[in-house]
Amino acid sequence: MKIEKFIKRNIIKLLTLLMLITIYIYIIVIDNIPEVVTVFEGENFEIQTIFGIKINVEDKKQEAILTSSILKETAEFSQKGKNTIEVSLFDKFKIKDIDINVIEKTSVIPIGELAGIKLYTEGVLVVGMSEIQGKDNNKYKPYINSGIEEGDVITEINDRKINSTTELVENVNNSKGNTLEITYNRKGESKECSITPVESQEGYKLGLWVRDSAAGIGTITLYEPKNNAFIALGHGITDIDTSELINISTGELVTTKILSVIKGKNGEPGKIQGTVEKQQNIGTIYKNTGFGIYGTIGNIQNLNYNSNRQMEVALRDEIQIGKATILCKVDQEQEAKEYEIEIEKIYKNNNYDNKSMLIKVTDEELLGKTGGIIQGMSGSPIIQNGKFCGAVTHVLVNDAKQGYAVFGEILIKQLNNLGN
């Protein structure tokens, strides 16, 4: 009798555990289903599912092909527009909606030219803190106990917007030592604190080191004539002190002059050195994202491009492992040129970062000039079978010939979602 009770009790425990595990798996699967998706006309949209989870299109007027299997649901839309996919359990219980934005296939002009990049932040970035020697020769830390930290962005002082270090210095000096109410941003959250400036020999100070801009060079990936838009870099620009993506108010894309090329080698990535001083404006940057910088062309005459290169953007299913080319400029006296590469791996299910493909430089001429992929080449467009496939994003430190690239379709979907 005791044995039967023991067995029954353990069976109940086991069944309860299995039920909890099943519920947990369903929760994870449902949570991973996106709520907003952008796809091209004719592109398959897939979601990984589990037994019982089904999808249906709400607007029956828009042509859509739905395909179901045990672990995957697929939808394909043949015309552009907006629609909603309803996700349900056993076609009876609604779980969530997916907003689908179907966009038309796009043609772009791969560029591959180097450009200067100037970013201006929303507010001023705190990059350091230091003691101040006051006019009385004593040492002070005005920021102590204020809560402000390196990486925070000061946006207001006494309800006045702060857009530059100059404005911050003016407001601090005008305080005459009176306490300032400071509004700052930390990872998207607005915070407030009070700091009383200390008078030094050079004026009033907070003891904060700040910066309001960043500059560098990179490669322009493409020009999209329909929206007069450009995409560059293939990755976001992060702050050198905080490693956080820089939140910008605006920026400039300008011409650049190559000063030198330092070859890369295993363990030591090379780089292209250039200047952004006394250069001509190409366009305005309006967004710095994890997939690159986005903007509009203002002075098309300063953009060196070949309109005959206009081509379709390849869907990820059209990209093949094998030979392709990279379009880049590594010589001041030469325009952007195509060099041979090998696409070694394709991560078709990756929608979350800019490591969609593993590539390898095989062109002996490019290897002779750069040693492989070097800093400054990020954003270089990749072409295969006459279509734009993606852009270079990273180099592998332990092998300068290899690196990662992002799908071109991801860049275009980002462009469509951001607007301008």
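This text goes with the structure placed above it.
Figured I'd write up the structure that's included with this text. (Residues numbered from 1 in each chain as written. Predicted model: local features only at pLDDT ≥ 70, side-chain atom pairs only at ≥ 80, totals over all residues. Heavy atoms only, no water.)

Turning our attention to the sheet that holds strand E1 (residues 36–40). On the basis of which strands lie adjacent, the open sheet formed by four strands has the order E1-E7-E6-E3 and mixed pairing. Pairing within the sheet leaves two strands with one partner each, and these edge strands are E1 and strand E3 (53–57). Averaged over all pairs of adjacent strands, the angle between their axes in this sheet comes to 30 degrees, without regard to strand direction. Summarising the sheet, E3 and strand E6 (residues 81–89) pair through five bridges and their orientation is antiparallel. The residue bridging Lys54 from the neighbouring strand is Ser88, located in E6. Helix-sheet contacts for helix H4 (residues 408–418) involve E1 and strand E7 (93–103), and the interaxial angle to E1 is about 120 degrees. (Pairing = 2+ DSSP bridges. Helix = DSSP H or I, 4+ residues; strand = E, 2+ residues; numbered from the N terminus. Axes fitted to C-alpha atoms, helices over the stretch in contact; angles between N-to-C directions. Contact = heavy atoms within 4.5 Å.)

The biggest cluster of nonpolar side chains holds 45 residues, and the ones touching the most others in it are Ile319, Ile359, Leu366, Met377, Ile382 and Leu411. Those residues in contact with Met377, other than ones at most four positions away along the chain, are Thr219, Ile272, Ile326, Cys328, Val330, Leu366, Thr370, Gly372 and Val392. One finds Ala232, Ile246, Leu253 and Ile282 within the second-largest nonpolar core, a separate group that totals 19 residues. (Core = buried A, V, L, I, M, F, W, Y, C linked by side-chain atoms within 4.5 Å. Buried < 20%, exposed > 50% of the residue type's maximum accessible area, 1.4 Å probe, protein only.)

Moving on, we get to the pairing of strand E18 (residues 208–224). The pairing of strand E8 (residues 107–110) with E18 spans two bridges and is antiparallel. Across the sheet, residue Ile109 finds its bridge partner in E18, namely Tyr223. Relative to E18, strand E9 (residues 114–129) is paired through eleven bridges, and the arrangement is antiparallel. From the neighbouring strand, Leu119 faces E18, where its bridge partner is Ala214. In this structure, E18 lies alongside strand E19 (residues 229–232), joined through four bridges in antiparallel fashion. By the bridge assignment, Leu222 is partnered in E19 with Ile231. The antiparallel pairing of E18 with E19 creates a hairpin that spans four residues between the two strands, and Asn228 there sits at a positive phi of about 55 degrees.

Turning our attention to empty space enclosed by the protein. The full count for this structure, using the stated rule, is one cavity of 30 Å³ or more. Volume-wise, the largest cavity comes out at about 40 Å³. Around the largest cavity, the lining residues are Thr121, Leu125, Arg211, Asp212, Ser213, Ala214, Asp239 and Ile246. If you list the elements that add at least two residues to the lining of the largest cavity, you get E9 and E18. By residue number, the principal contributor to the lining of the largest cavity is E18, which donates four residues. Looking at the lining of the largest cavity, its residues break down into three nonpolar, two polar and three charged. (1 Å grid on protein atoms, 1.4 Å probe; cavity = no way out; pocket = protein on both sides within 12 Å on 5 of 7 lines; lining within 4 Å. Points joined across faces, edges and corners; volume = space filled by probe spheres on them. Nonpolar A, V, L, I, M, F, W, Y, C, P; charged D, E, K, R; others polar.)

This next bit is on the state of the cysteines. Within this structure, the stated rule accounts for zero disulfides. Looking at the unpaired Cys389, the closest cysteine sulfur is the one in Cys328, lying at 15 Å. Judged by its relative accessible area of 1%, Cys389 is buried. (Disulfide = S-S within 2.5 Å.)

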